[in-house]
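Observations on the three-dimensional arrangement
Each chain is listed here by its residues.
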Amino acid sequence: MKRSPGPGRPARASCKRTASDPLVVQKDGIFRDVHMVLIPGGGILEKQLQIWCRKVTALGGSCRTLSSGPTTADVIDVATHIAAATTARLEQRMEKVELVGRAARAVAVSFKWLEECLASAAQVPVDNFLLREVGWYEHDKEGPTGSEQPGTAGGACPAPLMEHVTAKAASPGYEPLPLPTSGLSLPLNNSLSLDDSTNCPALSHPSPSNDRVQREGTACGVRAGSDGSDDEAGPCVRDALQARGARGGSREERLQEWMRTEVALRRQGRPREEGAETQDGCEASQYPEVDDESTLEGAEGDIPLDLNEHITRHLRELKDIYEALGDEWRALTYRRAVGVLERLSFRIASAEQLAGVMGVGQQVRDKVKEILGTGRLAKLDSLQSDAKLRVLRLFSSVFGVGAKTALELYSRGHRSLADLRGDPSLSRQAQLGLRYYEEIGAKMSRDDVARIHALVQAQAESICPGVSCEVTGSYRRGRIMCGDVDFLVTHPDGKSHRGLLARLHQRLTAIGFLMADLRSFDDDDQGGGALCQTYLGMCRLPGTDDHRRIDIKVYSAAVYACALVHFTGNEVFNRKVRFFALQTGFKLSEYGLFPVTKIGKRKFVDKTSLPCATERDVFAHLGLEYLEPHERNW
DNA sequence: AGGCGGTACTG
DNA sequence: CAGTACC
DNA sequence: GCCT
C-alpha cells in the first residue's frame, strides 16, 4: 500500500494487495488458556500443523510444533495440551525427545479434538479425544505394550483413534465439513461418513511430492467414439464422475481423488509424456482444417469427443441465453451440467442414468428426458423464438454492454445494432464495442498472434531491456484460433516494470499499433510499486487494416507465477483449481497463493503468499501434478 | 436460505 | 456501488 | 438451477 489510493477511487487500493483478513488474535478466544504442542507424523503434514498453530494462536492460545528446531523441554513444561495423530505417534515422539514425565500437567489429545473445537468454535470436552494421559509415562516406562486403550483393538492402523469416531456426531454445534459443492462434478454424495478424517496414515494435506497421478487411472482407452459402440468402456476415470455410494477415505483424500480425476480427464491418452513446449514457435500451418476449439495437441486426437453432443448442444444454448439475460447462476448451472455430460464415457440412453450425478439435478434431468424423447426442448424453442430475447442477446454481445444495459436499450425502443449507433447514452466502451463489433467477434490464427507478439516484445525490449513479455490466454494453451492477444509483462529485477505500461502504451500508440483504448490503466506516476496494471484495447493486425482485441498486463515479478497461472486459464480450470485450493486451506488468486485459516465460520487469509517463483511451485504447493498450458483447456 | 472464483476499471 | 470485463 |  505504498501508493495512496487516490481520492475517489478507493477500489484501487485492493489492487496492491489481496484483500485478506489479518490474523487477528482474539485474546479472549476459545483457546485462551491453552498452551499446545503438536506432534508431527501419523500422516499429518507439516503444512497442516502450521495451519492449526495459527488457528490456536488466533484464538488466544499458544502453540508450538515439535518438529522444528530444538524444542525443548520448557515448552513441554508449560504445555496444557499435547496433540498427536495417534498414541503410537505420541509415544514415539515423546521418548525420542526425552520428555517422558515432564508433561504432567498436559493432557494428550488427538488432533480430532482440535478439529472439533475449531469446527464448533468452542473448546469441547477432551474426554472422547484422550490419547493417553501424558502422566501415564511416569509410571510405566515399559511402554505401551500391555495397555491397549479400550476401543483401539488393533487393525491395520497403528493405534488409530477408533474410539473417537463417534465424537463428532455427538458434539453439539458440530457442523459437517462442507463438501465440495456445486456442479464442480465432485463425484461424491452426502452420505459419506465424516468421522474418519485422520484415522489411517497418509491423509491430511496434499503433498507436493507424492501425489503423482496414477497413470493407469488414465489408461481407459475410451478414446471416445473409437468405435461406434455405446458403452462397455470398462473402468474409466470418466465414469468416476458419476460414481455413487459410500466411499472410503478422508475428506482430504476424497478431494485429492476428485482433483486427480479432473486432472486425469485432461491427460487422457496424452500422446507424449512431456514433450514439445506449446509455448511459442509452434506453427499452426502444420495442422490444417481444424476448428476453433482445437489445440495443437487436440489436432493429434487427444480431446475426447462428446458422446452426448445431441443433448449438450441444447443445454449449451440454454446456458448462452441465461448468460445474455444476466441470470448468472442459472448459466453457471448449465455450464456445469454440460461440463459433466459432455465427458460421460457413454451415450445417455435414459435420463435415469443421471441420477446422482453431481451438478445435474431434477430439472436438468427432465430436460434430458425431453430431448431424448422428442429431440427438442420446448423451453428452448420458445426462448429462441422470442423476439425480445433475440435482441437482448444481440445487444449484450457488444463489448461494454451487459444484461442490464441491453434491457435498458431495448426499453428505449432500440431493436438493432444500427439503432444503437446514434445513442449518446452509450458508454464510451460500448461505443467502441459497436465500432469494432465484427472485428472483436473475429478470431485470428496463431501466426497472427505470433506476429503481434514479436512486435510488442521488440517495443517493450527497446523501452525496458530485459523485460519478459509473454502471450497467455488461449494462445498459450495451444489453441489454433485465438479471440484476442493477452500479454503478461514483467521484469525479472522486480522493479523495472513500474511505469512500464504507460511507456509501452505510449509507444505502441505512437507507432500506430494500438488503435483504441477499451479500458485504460491507472497511470498514476510515482511508480510506488503497484503489483499490477491492466490495459484492454484494440490493435492493428500487422499487415492488414483489421483490428483485434489486445490485453496487456504488467505485473511485478513477485506475483508473476500466480498471474501466469491465472491468465493462462482457462476459466473452468481456474474455478476448479481455486475451489480445490480453498477446500485444502489456500486461497489462490493472480496475486499469490495464501494459506487460509478457518475458525468457526470465519476465515483468515494470510497476508503473505507462499513463495511461488514458477507455475510449478503453485501446483506443487497445492499438491497437484503440474499441467502444461495445453492441458488446462478444461 | 445462502452460496456459487477472484479481481480491476468505469461512471 | 452497480455494471462489465478478464482468465 | 444445484447443493448444503
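Residues numbered from 1 in each chain as written. Chains lettered and ligands numbered in written order. Predicted model: local features only at pLDDT ≥ 70, side-chain atom pairs only at ≥ 80, totals over all residues. Heavy atoms only, no water.

A short note on the overall build of chain A
Short version of the rule: Secondary structure counts use DSSP, requiring at least four H or I residues in a row for a helix and at least two E residues in a row for a strand, with both numbered from the N terminus. Summary of the burial criterion: residues with accessible area below 20% of their type's maximum are buried, those above 50% are exposed, and those between are partly exposed, where the area comes from a 1.4 Å probe applied to protein chains only. Throughout, a contact is declared for two residues whenever any of their heavy atoms are within 4.5 Å.
The helix and strand inventory of chain A stands at 24 helices and 14 strands. For chain A, with 634 residues in total, the buried portion stands at 51%. The contacts of chain A with a sequence gap of at least 6 include a subset with a gap of at least 24, amounting to 69%.

Things to note about helix α22 (residues 560-568)
Among the nine residues of α22, eight are classified as buried, and the element is accordingly described as predominantly covered. Taken as a whole, α22 has its buried residues at Y560, A561, C562, A563, L564, V565, F567 and T568. Following α22 by one or two positions, G569 has its phi on the positive side, about 60°.

Overview of the sheet that holds strand β11 (residues 547-555)
Filter applied, for reference: Here, a strand pair is defined by DSSP locating no fewer than two bridges between the strands. The axes used here are C-alpha line fits, helices contributing only the stretch in contact, and every angle between their N-to-C directions lies in the interval 0 to 180 degrees.
Pairing within the open sheet is mixed, and its five strands lie in the order β6-β8-β11-β10-β9. The open sheet is flanked by β6 (468-471) and β9 (514-519), the only strands paired with a single partner. Going from strand to strand, the sheet's axes swing by 25° on average, the running direction of each strand aside. In the sheet, strand β10 (residues 532-540) pairs with β11 via nine bridges, with the strands oriented antiparallel.

Topic: the protein's contact with DNA strand C
Spelled out, the test is: To be near a molecule or strand, a residue needs just one of its heavy atoms within 4 Å of it. The term polar contact refers here to a pair of N or O atoms within 3.5 Å; inside protein, the definition further demands a hydrogen-donor-capable atom paired with an acceptor-capable atom, and it admits residues adjacent in sequence only when both atoms are side-chain atoms. All amino acids are sorted into three groups, where Ala, Val, Leu, Ile, Met, Phe, Trp, Tyr, Cys and Pro are nonpolar, Asp, Glu, Lys and Arg are charged, and the leftover types, Gly among them, are polar.
Around DNA strand C sit 20 residues in total, of which G400, G402, T405, D484 and D486 are the nearest. In the interface set of DNA strand C, defined as its atoms within 4 Å of the protein, sugar plus phosphate atoms amount to 94%. With respect to DNA strand C, the backbone of G400 contributes an N or O atom lying 2.5 Å from a phosphate oxygen. Contacts to DNA strand C include N574, whose side-chain N or O atom sits 3.1 Å from a base oxygen. Broken down by secondary-structure element, the contributors of at least two residues to the surface near DNA strand C are α15 (403-411), β8 (484-490), β11, α22 and α23 (571-583). In the surface near DNA strand C, the residues fall into five nonpolar, eight polar and seven charged.

Side note on the sheet that holds strand β4 (residues 107-110)
Judged by pairing direction, the sheet is parallel, and its four strands sit side by side in the order β2-β1-β3-β4 without closing on themselves. Of all strands in the sheet, those bounded by a partner on one side alone are β2 (62-65) and β4. Strand-to-strand twist of the sheet, defined as the mean angle between neighbouring strand axes without regard to direction, takes the value 25°. Sheet topology places strand β1 (residues 35-38) next to strand β3 (residues 81-84); three bridges connect them, and they run parallel. The partner of V37 across the bridge, within β3, is I82.

A short note on the UniProt feature "active site" (unreviewed entry) in chain A
Inclusion rule: UniProt positions are given in the numbering used here, feature names are shortened, and annotations may be inferred rather than shown by experiment.
As annotated in UniProt, the feature "active site" (unreviewed entry) corresponds to K367 in the numbering used here. Position of K367 relative to the elements: it lies in helix α12 (residues 362-374). Relative accessible area serves as the criterion here: at 14%, K367 is assigned to the buried category. What K367 contacts, discounting residues up to four positions off in sequence, is L315, L318, Y334 and L377. Looking at K367, its side chain comes within polar contact range of the side chain of Y334, at 3.5 Å.

A word on the pairing of β8
Across the seven residues of β8, six count as buried, placing the element largely inside the fold. The pairing of β6 with β8 spans four bridges and is antiparallel. Each bridged residue has a counterpart across the sheet, and for S468 the counterpart in β8 is T490. Inspection of the sheet shows β8 paired to β11 by six bridges, in the parallel sense. When the sheet's bridge partners are listed, V485 is paired in β11 with I550.

Focus: unusual backbone geometry
Going from G569 to N570, the amide bond is cis rather than trans, its omega being 0°. Following the sequence through the fold, N570 ends up in the loop between α22 and α23.

A few points about the environment of L66
Among the structural elements, L66 can be located in the loop between β2 and α3 (72-78). For the pair L66 and L38, spaced 28 residues apart in sequence, the C-alpha separation works out to 5.9 Å.

Focus: the pairing of strand β12 (residues 586-589)
Bridge analysis of β12 against strand β13 (residues 592-599) gives four bridges, and the strand direction is antiparallel. Pairing of F586 across the sheet is with P595, part of β13. In this structure, the hairpin formed by β12 and β13 is closed by a connection of two residues.

Re the packing of aromatic side chains
Heads up, the rule is: Aromatic rings from Phe, Tyr and Trp, taking only the six-membered ring of Trp, are treated as a pair when their centres fall within 6.5 Å; an angle between ring planes under 30 degrees marks them as stacked, one over 60 as edge-to-face, and anything in between as tilted. Any Lys NZ or Arg CZ found within 6 Å of a ring centre and within 35 degrees of that ring's normal is scored as a charge over the ring.
Under the defined criterion, the tally for this structure stands at eight aromatic pairs. Feature note: the residues F573, F619, Y626 and W634 constitute an aromatic cluster, connected by ring pairs. The ring of Y322 carries the charged tip of R330 above its face, separated from the ring centre by 5.9 Å. Between R616 and the ring centre of Y626, over which it is positioned, the NZ or CZ distance is 3.9 Å.

Considering the environment of F521
Mapped onto the elements, F521 comes out in the loop between β9 and β10. Here F521 falls in the buried class, since its relative accessible area comes to 11%. Between the C-alpha atoms of F521 and Y535, which are 14 residues apart in sequence, the distance is 5.6 Å.

Considerations on the pattern of salt bridges
What counts is decided by this rule: Put simply, a salt bridge is a Lys or Arg side-chain nitrogen that is within 4 Å of an Asp or Glu carboxyl oxygen.
Under the counting rule described, the total for this entry stands at 24 salt bridges. Across the pair E317 and R393 runs a salt bridge, and its minimum N-O distance is 2.8 Å. Within this pair, whereas E317 is found in helix α10 (residues 309-325), its partner R393 is found in helix α14 (residues 387-396), the two being separated by 76 residues in sequence. Linked through salt bridges whose partners overlap, the residues forming this network are E323, R335, E571 and R575.

Let's talk about α14
Counted only if it meets this: Taking the helix axis as origin, the arc is that swept by the directions to the C-beta atoms.
Along α14, the residues that are buried comprise L389, V391, L392 and F395. Considered in projection along α14, the buried side chains sweep an arc of 160° and stay on one side of the axis. Where α14 is buried, its residues contact α10, α13 (378-384), α15 and α16 (417-421). Two or three places before K388, at the start of α14, stands the capping residue D386, its side-chain oxygen 2.9 Å from that residue's backbone nitrogen.

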